[in-house]
Amino acid sequence: MKIAVVAMFLSSAIYIHFRGRVRHRFKRQLTDHSTFMAPYNVFVYARSAVPNTPILKVDEFPELKLLRDNWEIIRDEAQQLYGRGLIRQSDKTNDLAFNSFFRKGWTRFYLKWYRDYLPSALQACPRTIELLRQTPSVKAAMFTVLQPHSNLGEHRDPFAGSLRYHLGLVTPNSDDCAIWVDGNKYAWRDGQDVVFDETYVHSAKNDTDQYRIILFCDIERPMKGPISRAVNHAFGRVMVAAAASRNLPEEKLGAFNHLFAYIYSIRRAGKWMKDRSKRGYYALKYVAMAAFAAWIFLPPLHP
């Protein structure tokens, strides 16, 4: 049984690594969060009711037309927030999903995260929230800013049960402000939108002198059959919802973000060690991974 589980995990991880034209280096992929989600994601790809392509046709998601048709209303509320300095990075180390982006010129203001609308968003963005309430396929939503001359390096998101939606609100309207998904380039434009699979390797760059604001959403991936739909919906509501972050200190955090501050302190110690001895850092890292795998998959030793 354990051999079958190991084989399933390894085959899924290998599939994830070789999926698409753009890949991480194997050493990075080995410890990437997408590797640990590989068995679930392979199930999602197999049962997906939309094509498993890097960029999808927006017309396949008719609910999104409401957002696109009302983009100027959404833009106005986003601009007000930006002017008040509320589209910003996390107040502490409590945004597991996007913490690494903050030092690269990327900031956000959450509107909704799976189960809940944030109280600050209900107060500040009532018209946008009303539009989102009429778009139930949107499971998470936020305004995000990419500052001038900022660059988000190649990464892939861990959860295949959603697809990513971007609606341009305040953009440079330039080919120099764009996202690349598995090597396919899309340049943001005001009032225009795109849907893509964020589990492909993607990166973004704003090589202009103007900031970029978009509506950034997770859409529940359409699945084949009621069982697949129910499984994916439940996974999002339980596991992904636990990564909820906040806009203001008084708003609640998901369970994963309560843990993230402690986990990140370990990561800081790892970075400190890596700066002083890369060889020692990687040796300790791979020994820890091997010990963890042995603890899970090998039978206990008896005297």
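In what follows, the structure referred to is the one given above.
What you see is a predicted model; the values in this text were computed from it and never measured. (Residues numbered from 1 in each chain as written. Predicted model: local features only at pLDDT ≥ 70, side-chain atom pairs only at ≥ 80, totals over all residues. Heavy atoms only, no water.)

Caption draft 1: Geometry of the sheet that holds strand β7 (residues 177-181). Overall, antiparallel pairing links the four strands, which are arranged β5-β10-β7-β8 in an open sheet. In the strand order of this sheet, the two ends are held by β5 (150-155) and β8 (184-187), each with one partner. Between one strand axis and the next, the sheet turns by 15° as a mean value, whatever way the strands run. With four bridges joining them, β5 and strand β10 (residues 202-206) adopt antiparallel strand pairing. From the neighbouring strand, N151 faces β10, where its bridge partner is K205. (Pairing = 2+ DSSP bridges. Helix = DSSP H or I, 4+ residues; strand = E, 2+ residues; numbered from the N terminus. Axes fitted to C-alpha atoms, helices over the stretch in contact; angles between N-to-C directions.)

Caption draft 2: Up close: the sheet that holds strand β6 (residues 162-170). What the seven strands build is an open sheet, ordered β1-β9-β6-β11-β4-β2-β3; its pairing is antiparallel. The outermost strands of the open sheet, each flanked by one partner alone, are β1 (55-56) and β3 (116-117). Where β6 and strand β9 (residues 193-196) come together, four bridges link them in antiparallel fashion. Across the sheet, R164 pairs through a bridge with F196, a residue of β9.

Caption draft 3: Focus on the packing of helix α4 (residues 38-47) against helix α9 (residues 226-240). Where α4 contacts α9, the axes come no closer than 11 Å and their chain directions differ by 140°. Comparing the axis directions of α4 and α9 gives the class oblique. Viewed along their axes, α4 and α9 form a crossing whose handedness is left-handed. Note on element contacts: α9 touches α4 through S228, V231, N232 and F235, opposite Y40, F43, V44 and R47. Residue classes in the contact of α4 with α9 are distributed as five nonpolar, two polar and one charged. (Parallel < 35°, antiparallel > 145°, perpendicular 65-115°, else oblique. Left-handed = near helix turned anticlockwise from the far one by under 90°. Contact = heavy atoms within 4.5 Å. Nonpolar A, V, L, I, M, F, W, Y, C, P; charged D, E, K, R; others polar.)

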